[in-house]
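Spelled out from the first residue to the last, the chains are:
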Amino acid sequence: MNAETKLYDCRDAFVGTLEALAEANPEIVAVCNDSVGSSKLGGFRDRWPDRLVNVGIAEQNMVGVGAGLANGGKLPFVCGAACFLTGRALEQIKADIAYSNANVKLCGISAGMAYGELGPTHHSIEDFAWLRALPNLPVIAPCDRAETAAATRFAASYEGPLFLRLSRVGVPDILPDDHEFALGKANRLREGSDLTIIANGVLTHRALAAADLLAGNGIEARVLNMATVRPIDEEAIGAAAADTGAILTCEEHTVFGGLGSAVAEVVVRGRPVPMEILGVPGIFPPTGSANFLLDEFGMSPEGIAERAMALLKRKA
Amino acid sequence: MQDLKAIANRIRRRDLQAVFEAGAGHIGGEMSAIDILTALYFHVLDVDPTAPKKPDRDRFVLSKGHTANALYVTLAEAGFIPRDEVATFLKPHSRLNGHPNCTKVPGVETNTGPLGHGLPVAVGMAKAAQMSGASWRTFVLTGDGEMQEGSNWEAAMAAAQFKLDNLTLIIDHNRLQQGARLADTNNLAPIPPRFEAFGWAVVEIDGNDMDAIVGALAPEARVAGKPKCIVAHTNKGQGISFMQDRVEWHHKVPSREQYEQAMKELEAAAQ
Ligand SMILES: Cc1ncc(C[n+]2csc(CCOP(=O)(O)OP(=O)(O)O)c2C)c(N)n1
Ligand SMILES: [Mg+2]
């Protein structure tokens, strides 16, 4: 990525799309926990003050209220910091949303390590693991503005609960403006036959940059953007194993139970190939910004490329 | 009392400087709580910076963990951590991140950051002292917006049931939460009768008045058989005119000009 590459906060694409959807569908409501500012819901509130339900600092109540609103015929987008939405209200998400099949869109804002220096209490690097363990709850982590907007449109049209994992950390544009989101389908962003790098969220653009570095060394990496962590794209993973023989996953999440684990579950069942899982190495991260911490944990483009080279040595 | 006021003023200035230099922090809620923190660490708590884990120490939990920097500055002032270390606030690998970490910072009892955790943990601490017949006391400071979390009310019931008269909850009642006034979000008013109905002894004080704080925290103020709730009426941004009672100063960072004006006001107040 050169110095001029423009970076975007995907919350803007999210709320812009949400407002467009809300204009067309009067049943759409936003639910939040004293998080109007951090969820960028100020515009929504100004336009439809009666359709913003701010329950105060009370995440368990927020999710329960969301379920009730859906039962009553509304289409709730429940927006809160991902760490509190998923961690604090996990049982509500399980019982009231997923198990009850409530048509609620859970929108985890500033997920991953976006809150940086605010520390591990505010990081949401366990949410893939927690939520993909639940039946009936698609888990989606878009990589850029276009995918965020597309996934938000998809969320409104999809009958049933889902979790949208959104960041505030700036990312470049990757997918075309008219990108259509398909649940459980990876996007092949780059072709290659030496290995496959699978990433999502804020890691996708880093994975692409790593592939560029590898190409400089004569290594061609396939890059898959895998926004949907559940249901996972088994076909794309199977093809990656068969065609490239090695898979490296990168995620802004602990290496325990996230994207890498989901991919590995498919790989071991189908066609075992050497794999590496890059992510937060199972510790509470030290103080630092999100980008600092990603680099620190080996997820700079250089770090990813290095891991890819190490992986290739294990390839049969 | 003059001493305590001078210390609080010093802590305010150091806090302001640290937030300005780090370019982040929660200055409004820090300014509202600093008088209470000062009274606790320099007059009330039986704690020892040279033995931060001594078993019979009083316990203090900063439940409104987003105001960690006010606690760091207070701990530095009280000798728990080096004064210079405050300059590392939010820096890469600093042990002073945006929310206090008890595994790294001496004097911190439990990790907070998600709101609504401090009171339940404090109930457990007070229960432990009661079970072992120990005389140390437990204090916990929450935000008023924080009291919207249901966990607090579960803990409030437990504390009364257990007759924890060794437990003091101080609510920093600055009337503002992150995005708006409590009154416009999820109003808790009136707080005192709610706690009374939950079986607590309640007092209301001016939480930015040192004499009032010290009086309410005195051991003689204990009510036998009941946990104590101090509703501390404070101002968010207390001591800095343009921050006071303004919601945007929940986590806004002063510009250089604003920083200089704020510092001038605090210095004038120290005279
Ligand atoms: C469980 C949880 N939800 C949301 C937040 C985000 N948050 C941080 S501070 C804050 C407002 C707190 O208001 P209050 O308790 O009144 O604190 P004060 O006014 O003293 O700063 C919010 C919503 C959080 N830290 N924890
Ligand atoms: Mg408050």
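On a predicted model such as this, the values are computed, not experimentally measured, just so you know.

What about the overall build of chain A?
A count of helical and extended segments in chain A gives 12 helices and 12 strands. Computed over C-alpha atoms, the radius of gyration of chain A comes to 19 Å, within 12% of the 20 Å expected from 2.2 N^0.38 for 316 residues, which places it in the range of a compact globule. C-alpha atoms of chain A, sized along the principal axes, occupy 60 × 40 × 40 Å. In the form shown here, chain A has an accessible surface area of approximately 11,500 Å², with 51% of it arising from carbon and sulfur atoms. Distance from the positive charge centre (27 side chains) to the negative charge centre (38 side chains) of chain A: 3 Å.

Regarding the overall build of chain B
When helices and strands are counted, chain B shows eight helices and five strands. When the helices and strands of chain B are read in sequence order from the N terminus, they spell out α-α-β-α-α-β-α-β-α-β-α-β-α. Whereas a compact globule of 271 residues would reach a radius of gyration of roughly 18 Å, chain B reaches 17 Å, a difference of no more than 12%. Every one of the 271 residues in chain B was classed for burial, and the buried ones make up 56%. Put simply, 75% of the contacts in chain B that link residues at least 6 apart link residues at least 24 apart. When the accessible surface of chain B is totalled, it reaches about 10,400 Å², and 51% of it is carbon and sulfur. Side-chain charges of chain B comprise 28 positive and 32 negative groups, with the mean position of each set lying 3 Å from the other.

Remarks on the site of ligand 1
In the region of ligand 1, 23 residues are neighbours, and Glu 59 of chain A together with Lys 64, His 66, Asp 144 and Lys 236 of chain B sit closest. More than one chain reaches ligand 1: the nearby residues come from chains A and B. Side-chain polar atom of Lys 64 of chain B to an oxygen atom of ligand 1: 2.7 Å apart, as the coordinates give it. At 2.9 Å, a backbone N or O of Gly 113 of chain B approaches a nitrogen atom of ligand 1. For ligand 1, whose free accessible area comes to 600 Å², the fraction covered by protein is 97%.

Overview of the UniProt feature "domain: Transketolase N-terminal" (unreviewed entry) in chain B
Mapped onto the present numbering, the UniProt feature "domain: Transketolase N-terminal" (unreviewed entry) falls at residues 6-250 of chain B. With 35% helix and 12% strand, residues 6-250 of chain B has end C-alpha atoms that lie 24 Å from one another.

Points about the coordination of the magnesium ion (ligand 2)
Residue and element names in this part refer to chain B. Protein-derived ligands of the magnesium ion (ligand 2) are Asp 144 (OD), Asn 174 (OD1) and Leu 176 (O), with the metal-ligand distances lying across 2.1 to 2.2 Å. One chain supplies every donor to the magnesium ion (ligand 2), and in sequence these donors are spaced D-x29-N-x1-L. One end of the pair, Asp 144, is in the loop between β2 (138-143) and α5 (150-161); the other, Leu 176, is in the loop between β3 (167-173) and α6 (191-197), and 32 residues separate them in sequence. Considered together, Asp 144 and Leu 176 belong to a single accessibility category, that of buried residues.

Overview of helix α3 (residues 68-77) of chain B
Residue and element names in this part refer to chain B. With 10 of 10 residues buried, α3 is to be regarded as a mostly interior element. By the burial criterion, the buried members of α3 are Ala 68, Asn 69, Ala 70, Leu 71, Tyr 72, Val 73, Thr 74, Leu 75, Ala 76 and Glu 77. Here the buried face of α3 lies against α1 (2-22), α2 (27-44) and β1 (59-62). In the segment just after α3, Gly 79 is the residue with positive phi, at about 95 degrees.

Some words on the interface of chain A and chain B
Contact residues are listed per partner, giving 21 residues for chain A and 28 residues for chain B. Both faces combined, the contact of chain A with chain B buries some 1,800 Å², and carbon together with sulfur accounts for 49% of it. Area buried by chain A at its contact with chain B is led by Ile 57, Arg 88 and Thr 287 of chain A, which between them contribute 34% of it. Put simply, chain A and chain B have one salt bridge between them. Put simply, Arg 88 of chain A and Glu 149 of chain B hold a salt bridge, and the shortest N to O gap is 3.3 Å.

Quick notes on the sheet that holds β1 of chain B
Residues and elements named next belong to chain B. Strands sit in the order β1-β2-β3-β5-β4 across an open sheet of five strands; the sheet is parallel. Since the sheet does not close on itself, it has two edges, and those belong to β1 and β4 (201-206), each with one partner. The sheet shows a mean angle of 20 degrees between the axes of neighbouring strands, taken without regard to direction. When β3 meets strand β5 (residues 228-233), the two strands line up parallel, connected through six bridges. Within the sheet, the bridge partner assigned to Thr 168 lies in β5 and is Lys 228. The strands touched by helix α4 (residues 118-131) within the sheet are β1, β2 and β3, with β2 carrying the most contacts at an inclination of about 170 degrees.

Remarks on the sheet that holds strand β4 (residues 105-109) of chain A
Strand order in this open sheet of seven strands is β2-β1-β3-β4-β6-β5-β10 (chain A), and the pairing throughout is mixed. A strand with exactly one partner marks an edge of an open sheet, and here the two such strands are β2 (52-54) and β10 (228-230) of chain A.

Comments concerning the domain arrangement of chain A
All names here are of chain A. Here chain A is described as being made up of domain 1 (10-165) and domain 2 (187-313). Taking only C-alpha atoms into account, the centre of domain 1 sits 26 Å from that of domain 2. Between domain 1 and domain 2, the contact holds 27 residues from the first and 31 residues from the second. For the pair domain 1 and domain 2, the summed buried surface comes to about 2,100 Å²; carbon and sulfur atoms form 58% of the total. The three residues of domain 1 that bury the most area against domain 2 are Met 113, Ile 125 and Arg 132, which together make up 35% of that side's buried surface.

Some details on the UniProt feature "domain: Transketolase-like pyrimidine-binding" (unreviewed entry) in chain A
As recorded in UniProt, the feature "domain: Transketolase-like pyrimidine-binding" (unreviewed entry) lies at residues 8-173 of chain A. For residues 8-173 of chain A, helix accounts for 42% and strand for 16%, while the C-alpha atoms at its two ends are 8 Å apart.

Topic: the pattern of salt bridges
Residue and element names in this part refer to chain A. The final tally for this structure, using the stated rule, is 33 salt bridges over all chains. One salt bridge connects Arg 165 with Asp 127, and the closest N-O pair in it is separated by 3.0 Å. Residue Arg 165 is found in strand β6 (residues 162-165), and its partner Asp 127 is found in helix α6 (residues 127-132); the two are separated by 38 residues along the sequence. The exposure classification of Arg 165 matches that of Asp 127, with both residues buried.

Comments concerning the side chain of Asn 225 of chain A
Residues and elements named next belong to chain A. Residue position: Asn 225 is located in strand β9 (residues 221-225). Within the structure, the side chain of Asn 225 is placed 2.9 Å from the side chain of Glu 147, a separation counted as a polar contact. If we skip the residues at most four places from it in the chain, Asn 225 touches Cys 143, Glu 147, Leu 175, Ala 186, Asn 187, Leu 189, Ala 199, Asn 200 and Thr 204.

Scoring rules and cut-offs
- Residues numbered from 1 in each chain as written.
- Chains lettered and ligands numbered in written order.
- Predicted model: local features only at pLDDT ≥ 70, side-chain atom pairs only at ≥ 80, totals over all residues.
- Heavy atoms only, no water.
- Helix = DSSP H or I, 4+ residues; strand = E, 2+ residues; numbered from the N terminus.
- Rg over C-alpha atoms; globule rule 2.2 N^0.38 Å.
- Areas by Shrake-Rupley, 256 points an atom, 1.4 Å probe, with all protein chains shown as cover.
- Lys, Arg positive; Asp, Glu negative; His and termini not counted.
- Charge placed at Lys NZ, Arg CZ, Asp CG, Glu CD.
- Buried < 20%, exposed > 50% of the residue type's maximum accessible area, 1.4 Å probe, protein only.
- Contact = heavy atoms within 4.5 Å.
- Near = heavy atom within 4 Å.
- Polar contact = N/O pair within 3.5 Å; in protein donor to acceptor, adjacent residues only side chain to side chain.
- UniProt positions renumbered as here; feature names shortened; annotations may be inferred.
- Donors = N, O, S within 2.8 Å, 3.2 Å for Na, K, Ca; no water.
- Buried area = accessible area lost by both parts, 1.4 Å probe.
- Salt bridge = Lys/Arg side-chain N within 4 Å of Asp/Glu carboxyl O.
- Pairing = 2+ DSSP bridges.
- Axes fitted to C-alpha atoms, helices over the stretch in contact; angles between N-to-C directions.
- Domains from an automatic or database assignment.

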